[in-house]
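Each chain is listed here by its residues.
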Number of protein chains: 2
Amino acid sequence: MNSWINVPQNSDFSIYNLPYGVFIRDEKPTPGVAIGDSIVDLNTAAKVGVFSEIHFDDSVFESDTLNDFIACGKETWSSVRKVLTRELTSENKLYEFREKIMVDRVGAQMVLPVKVGDYTDFYSSIEHATNVGKMFRPNGDPLLPNWRHLPVGYHGRASSIVISGTPLKRPQGQTMPPNADKPVFGPSKRMDIELEMAFIIGKSTKLGEAIPIEEAEDHIFGKVIFNDWSARDLQKWEYVPLGPFLGKNFGSTISPWIVTMEALEPYRCESIKQEPEVLPYLQYSGNKNYDINLEVGLTPENDEETTICESNFKYMYWNMAQQLTHHTVNGCNVNIGDMMASGTISGKEKGSYGSMLELSWSGKEEITLKNGKTRTFIEDNDTITIRAYCEKDGKRIGFGECVGKIIA
Amino acid sequence: MNSWINVPQNSDFSIYNLPYGVFIRDEKPTPGVAIGDSIVDLNTAAKVGVFSEIHFDDSVFESDTLNDFIACGKETWSSVRKVLTRELTSENKLYEFREKIMVDRVGAQMVLPVKVGDYTDFYSSIEHATNVGKMFRPNGDPLLPNWRHLPVGYHGRASSIVISGTPLKRPQGQTMPPNADKPVFGPSKRMDIELEMAFIIGKSTKLGEAIPIEEAEDHIFGKVIFNDWSARDLQKWEYVPLGPFLGKNFGSTISPWIVTMEALEPYRCESIKQEPEVLPYLQYSGNKNYDINLEVGLTPENDEETTICESNFKYMYWNMAQQLTHHTVNGCNVNIGDMMASGTISGKEKGSYGSMLELSWSGKEEITLKNGKTRTFIEDNDTITIRAYCEKDGKRIGFGECVGKIIA
């Protein structure tokens, strides 16, 4: 399938992708779809009648976020995708009005694509949980007793989710130095990343309503890359007994384009076998995981990038359907735009660990960069770039980049 | 001070209170202020010019929530309070248009007064933390090492905060029975309450900005009663290592009227002395706690109410200013409407414990009700009513009731 828009070789934004984002046009946040190095301005496209054959209120594209569009439902998402695929591959109305509708993507300023009501972070990679367990509880079973029975998760801070490219200040806070008798205050000395992906709720539920596992995927609109920045020293001191708080809530970065579940469909794959067998409400059929290549680059100020991690979303022990079903089994309601992150995605090999905590084994082993310098954790002015893409049968779709720089 | 509106003796809603809520009028959520058994419809009052002397856009009262009004700032809150106090105690414009403006409070349907962006729950009562520590870690120090150094807190679920009167279904979920080798699924058998109060953010901050402790109170609009329902058996199995999740997020109930910090001003009192001394960013001057009487009643279906707990907000070890300063010290941003709950407020005596977990000492001691029956945790169709009020120099202000019923 070829588009009349030039799509560079190996672009994340091929005709098979068509991810949704929100960019600034004439100072106004505007919903768009990425294709190659361009964006389809959905509001302008709607105004000239590109979507007139679909039964939905296309003024949802006047909104500052995608929430209203997402609320139109799965059939509408699919119809818009069909129309855009046709319009981008043949010379119809979109082509006719292309000078008004198409916008340069590379220079575009992106903003948060959805209004996030609540954000949940899971802990669903068995390699990550095992690594952390080995470091924090060297004498016990690295996995806690509940870990193989339920997708452990906790609530995070929605207000501090930022779009790729937003610099974040190194957080200050309390830490307890080794062998000290009282805590000290100052900037975090163990700034870390967590390589994650997040899914976005596409269909709300009512309080008291549980989502059966075979319906869970119908409630998911799409996915983004998620960097769950973590200040390990703050986290270590504060997290008992109620979990991570200031060690995490100073910022989380997402990639700007939401890749839809429909686009991801060809990349389904098997999950890791779960042992022991999970309770019936978490048992599923079919392939519920996805083969998504992940990589993390660290770039010191004015220097070249070093790839510090290569992982894959398929390493997840708990899949998204299980996470969402578990999250609502007690009646907890979810809303369109809610974000649910995977937890750090680590593979078996050292080069596939999704956090510097694991890569440097709690600061004991140095990570060597291309410039010869080393890191155990993130230094000021380091930039972290996470990339994610799927490739199969010569077709590629990707998530673009999730970029963040830590400043003093 | 007397109002031309009848205010019953001992009403929570005296002329000294004037709390804000949102009620349904002609099917539309409408901001109002409670006085006695009546409500001042703020939108109608604005339309006839009651607030015309104040420099603010009084169309904020057309909104479905109080967020827009709160965003007008502390001076506006104070001016509106002054005008309402004058108008309710003398026969001016509000009196002239009273038939249009005044609405019956007792029969009014209330809705959530604010749109809550993020909700945080603290753990700031030393008696509660000590009691829980004794039960869960009988052989160690009941307080964990960090507890006296920082106000421990965690993120909760904003979507499931409901208004007083909303019934909640008993949550289902995984629990690990004693001596079992695998978890089971079913309805919670240890349904509990947590007697809390929550404050509502009145002034937003930007990401990266910390609130110095002496400015913290300027960021607080007012307070409500907060029932942090807890399924103890779900919580116990799931909460390690990332904190409470499904044991809490099936619902939290708030009282409908936000009592402003200005109304609470006469009830400031000293806090518990903090030892050891806290880090400088948490040191404060002046009285930063509040003397607010709290009580919890349990009413079985079609039966009379038994008071199961009498406590006081002044028992808090960490005050609201410390909580908010700590929450933002790492740069975490807060938004108008965000809610921050205290954690269970327990006193020293058994009758002042703010949860059934403590009152029944983890189910070992029965709580006897007026009807002769007993409880260790909440049974189906039990209603919990929490009340809160301040009294001093013959003046009383109160929060009304925070009511919730657990259904099967």
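Residues numbered from 1 in each chain as written. Chains lettered and ligands numbered in written order. Predicted model: local features only at pLDDT ≥ 70, side-chain atom pairs only at ≥ 80, totals over all residues. Heavy atoms only, no water.

This part covers the overall build of chain A. Along the backbone of chain A there are 10 helices and 26 strands. Relative to its length of 408 residues, chain A is compact, with a C-alpha radius of gyration of 21 Å against a globular reference of 22 Å. Considering only C-alpha atoms, chain A reaches an extent of 70 × 55 × 40 Å along its principal axes. For chain A, the proportion of its 408 residues judged to be buried stands at 63%. The long-range fraction of contacts in chain A, counting pairs at least 24 apart against all pairs at least 6 apart in sequence, stands at 72%. Accessible surface, chain A as shown: approximately 15400 Å² in total, 46% of it carbon and sulfur. (Helix = DSSP H or I, 4+ residues; strand = E, 2+ residues; numbered from the N terminus. Rg over C-alpha atoms; globule rule 2.2 N^0.38 Å. Buried < 20%, exposed > 50% of the residue type's maximum accessible area, 1.4 Å probe, protein only. Contact = heavy atoms within 4.5 Å. Areas by Shrake-Rupley, 256 points an atom, 1.4 Å probe, with all protein chains shown as cover.)

Under the definition given, this model contains 54 salt bridges over all chains. A salt bridge links Lys248 of chain A to Glu194 of chain A, with the nearest nitrogen and oxygen atoms 2.9 Å apart. A residue pair is termed long-range when its members are at least 10 positions apart, and Lys248 of chain A in the loop between helix H7 (232–238) and strand S16 (252–254) and Glu194 of chain A in the loop between strand S12 (191–192) and strand S13 (195–201) qualify at 54 residues. A relative accessible area of 4% means that Glu194 of chain A is categorised as buried. When the shortest N-O distance is used, the salt bridge between Arg170 of chain B and Asp380 of chain B registers 2.7 Å. Note that Arg170 of chain B is positioned in the loop between strand S9 (168–169) and strand S10 (172–175) and Asp380 of chain B in the loop between strand S24 (374–375) and strand S25 (383–392), a separation of 210 residues in sequence. Overlapping salt bridges, with partners in common, bring together Asp192, Glu194, Asp228, Arg232 and Lys248 of chain A in one network. (Salt bridge = Lys/Arg side-chain N within 4 Å of Asp/Glu carboxyl O.)

It is worth spelling out helix H3 (residues 74–89) of chain B at this point. An ideal rise of 1.5 Å per residue puts 22 Å on 16 residues; H3 of chain B measures up with 23 Å between its terminal C-alpha atoms. Inspection of H3 of chain B places Thr76, Trp77, Ser78, Val80, Arg81, Val83, Leu84, Thr85, Glu87 and Leu88 of chain B among the buried residues, and these make up the whole buried set. (Expected span 1.5 Å × (residues − 1).)

Turning to the sheet that holds strand S25 (residues 383–392) of chain A, a few remarks are in order. Residue and element names in this part refer to chain A. Judged by pairing direction, the sheet is mixed, and its five strands sit side by side in the order S9-S26-S25-S20-S21 without closing on themselves. The strands lining the two open edges of the sheet, one partner per strand, are strand S9 (168–169) and strand S21 (306–312). Looking at chain direction, S9 and strand S26 (residues 395–407) are connected through two bridges and run parallel. Within S26, the position partnered with Leu168 by the bridge is Ile406. (Pairing = 2+ DSSP bridges.)

So, about the interface of chain A and chain B. Counting residues at the interface gives 57 residues for chain A and 57 residues for chain B. Of all residues in chain A, the largest losses of buried area upon contact with chain B belong to Arg157, Leu242 and Phe245 of chain A, amounting jointly to 16% of the total for that side. Counting across the interface, chain A meets chain B through four salt bridges. Taken together, the links from chain A to chain B amount to 28 residue pairs in polar contact (both at pLDDT 80 or more). Those elements giving two or more residues to the side of chain A that touches chain B turn out to be strand S6 (119–122), strand S7 (153–156), S9, strand S10 (172–175), strand S11 (184–187), H7 and helix H9 (320–328) of chain A. (Buried area = accessible area lost by both parts, 1.4 Å probe. Polar contact = N/O pair within 3.5 Å; in protein donor to acceptor, adjacent residues only side chain to side chain.)

Our next topic: the domain arrangement of chain A. Residues and elements named next belong to chain A. When the domains of chain A are assigned, the result is domain 1 (20–111) and domain 2 (133–407). Summarising the inter-unit geometry, the C-alpha centres of domain 1 and domain 2 are found 30 Å apart. In terms of surface lost to domain 2, no three residues of domain 1 exceed Tyr20, Ile70 and Trp77, which account for 39% of the buried area on that side. Along the contact surface separating domain 1 from domain 2 lie one salt bridge. Of the charged contacts, one joins Asp218 and Lys74 as a salt bridge, the two residues approaching to 2.7 Å between their closest N and O atoms. In this assembly, domain 1 and domain 2 are joined by four residue pairs in polar contact (both at pLDDT 80 or more). Elements with a contribution of two residues or more to the side of domain 1 that touches domain 2: strand S1 (20–25), strand S2 (28–35), helix H2 (67–70), helix H3 (74–89) and strand S5 (110–111). The greatest single-element share of the side of domain 1 that touches domain 2, amounting to four residues, is contributed by H3. By residue class, the composition of the side of domain 1 that touches domain 2 is 11 nonpolar, four polar and three charged. (Domains from an automatic or database assignment. Nonpolar A, V, L, I, M, F, W, Y, C, P; charged D, E, K, R; others polar.)

This part is about the relation of the copies chain A and chain B. Mapping chain A onto chain B calls for a screw motion: a turn of 180° about the axis and a shift of 0.0 Å along it, with 0.0 Å RMSD after fitting. In the structure described here, the two chain copies are related by an operation that fits a two-fold rotation axis. Taking C-alpha positions as reference, the residue of chain A nearest the rotation axis is Gly243 of chain A, located at 2.2 Å. (Least-squares fit on C-alpha atoms with pLDDT ≥ 70 in both.)

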